[in-house]
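Residue-level listing of the chains:
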Amino acid sequence: MPIANLTRRLMRSRFLRFALVGAGGALVDIGALYLARDGFGLDLYSGRVFSFLCAVSFTFFANRAFTFGDAKRGRLARQWLVFATSQLGGLAVNYALYAVLVTYWPLAHDEPAIAVVLGSLAGLVFNYAAARRLVFRAG
């Protein structure tokens, strides 16, 4: 069963689990962005602030349970705040690329999900390092 062994080994990879949670977070981000734009009437820039808060909350809880389940537990609200703050560097990279794409690439302006995904990939490595070193340290 080489595929089963490979799957088990991959799932032990903390970075892969973080990336999978991040992919789920990107879906939350996209859904919340479209809700902000189409449901709340926000523009593509302020709507992204709303969608980031939704995505960072999703990824915090998923990473806390799935990726870093063995890490020290702090007070929930404080740990969420440290996580959200630690993700701001990745957000800066993510949002900068997103803003450039929706401003200058007509396809990304019409379908901002493209810009969300590309921005998320750009911020992934920074966010992983911040989460592992600052928020979910080994217990």
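The structure displayed is predicted, hence computed values, not measured ones.

**Quick word on the side chain of Thr-59**
As for its placement among the helices and strands, Thr-59 is situated in helix α3 (residues 46–67). Residues within four places of Thr-59 in sequence aside, it is in contact with Val-21, Gly-25 and Phe-83.

**As for the environment of Gly-119**
Of note, Gly-119 is situated in helix α7 (residues 113–135). Along the backbone, Gly-119 and Phe-15 are 104 residues apart, and their C-alpha atoms lie at a distance of 18 Å. Gly-119 has contacts with Asn-94 and Leu-97, leaving out every residue within four places of it along the chain.

**Quick look at the pattern of salt bridges**
In total, this model carries 3 salt bridges according to the counting rule given. Of the charged contacts in the structure, one is a salt bridge between Arg-14 and Asp-70, with a shortest N-O distance of 3.0 Å. Note that Arg-14 is positioned in helix α2 (residues 14–39) and Asp-70 in the loop between α3 and α4 (76–86), a separation of 56 residues in sequence. Residue Asp-70 is classed as exposed on the basis of its relative accessible area of 53%. The closest approach of N and O atoms between Arg-37 and Asp-38, which form a salt bridge, is 2.8 Å.

**Focus: helix α5 (residues 88–104)**
Its 17 residues give α5 an end-to-end C-alpha distance of 24 Å, which sits within 8% of 24 Å, the value for a rise of 1.5 Å per residue. Three or more residues of α5 are buried, namely Gly-90, Leu-91, Asn-94, Tyr-98, Ala-99, Leu-101 and Val-102. For α5, the angular spread of the buried residues around the axis is 165°, confining them to a single face. Residues of α5 that are buried sit in contact with α2, α3, α6 (106–110) and α7.

**Section: the packing of aromatic side chains**
In this description, a pair of aromatic rings is defined by centroid distance and the angle of the planes. Tallied over the entire structure, the rule returns 11 aromatic pairs. Ring centres of Phe-68 and Phe-136 lie 4.8 Å apart, and the angle between their planes is 10°; on these two criteria the pair is classed as stacked. Note that Phe-68 is positioned in the loop between α3 and α4 and Phe-136 in the segment after α7, a separation of 68 residues in sequence. The exposure class of Phe-68 is buried, given its relative accessible area of 0%.

**A word on a positive patch on the surface**
Residues Lys-72, Arg-75, Arg-78 and Arg-137 make up a contiguous surface patch of positive charge. Along the chain, Arg-78 falls in helix α4. According to the relative accessible area criterion, Arg-78 is exposed, its value standing at 54%.

**A short note on the confidence of the model for the protein**
In the predicted model, the protein carries a mean pLDDT of 88, and the fraction of residues at 70 or more is 94%. Averaged pLDDT values for the elements of the protein fall to 68 in helix α1 (residues 2–11) and rise to 95 in α6.

Conventions adopted
Residues numbered from 1 in each chain as written. Predicted model: local features only at pLDDT ≥ 70, side-chain atom pairs only at ≥ 80, totals over all residues. Heavy atoms only, no water. Helix = DSSP H or I, 4+ residues; strand = E, 2+ residues; numbered from the N terminus. Contact = heavy atoms within 4.5 Å. Salt bridge = Lys/Arg side-chain N within 4 Å of Asp/Glu carboxyl O. Buried < 20%, exposed > 50% of the residue type's maximum accessible area, 1.4 Å probe, protein only. Expected span 1.5 Å × (residues − 1). Arc of directions from axis to C-beta. Phe/Tyr/Trp six-rings, centres within 6.5 Å; stacked < 30°, edge-to-face > 60°. Patch = residues over 30% accessible without salt bridge, like charges linked within 9 Å, V, L, I, M, F, W, Y side chains within 5 Å. Areas by Shrake-Rupley, 256 points an atom, 1.4 Å probe, with all protein chains shown as cover. Lys, Arg positive; Asp, Glu negative; His and termini not counted. Charge placed at Lys NZ, Arg CZ, Asp CG, Glu CD. pLDDT = per-residue confidence, 0-100.

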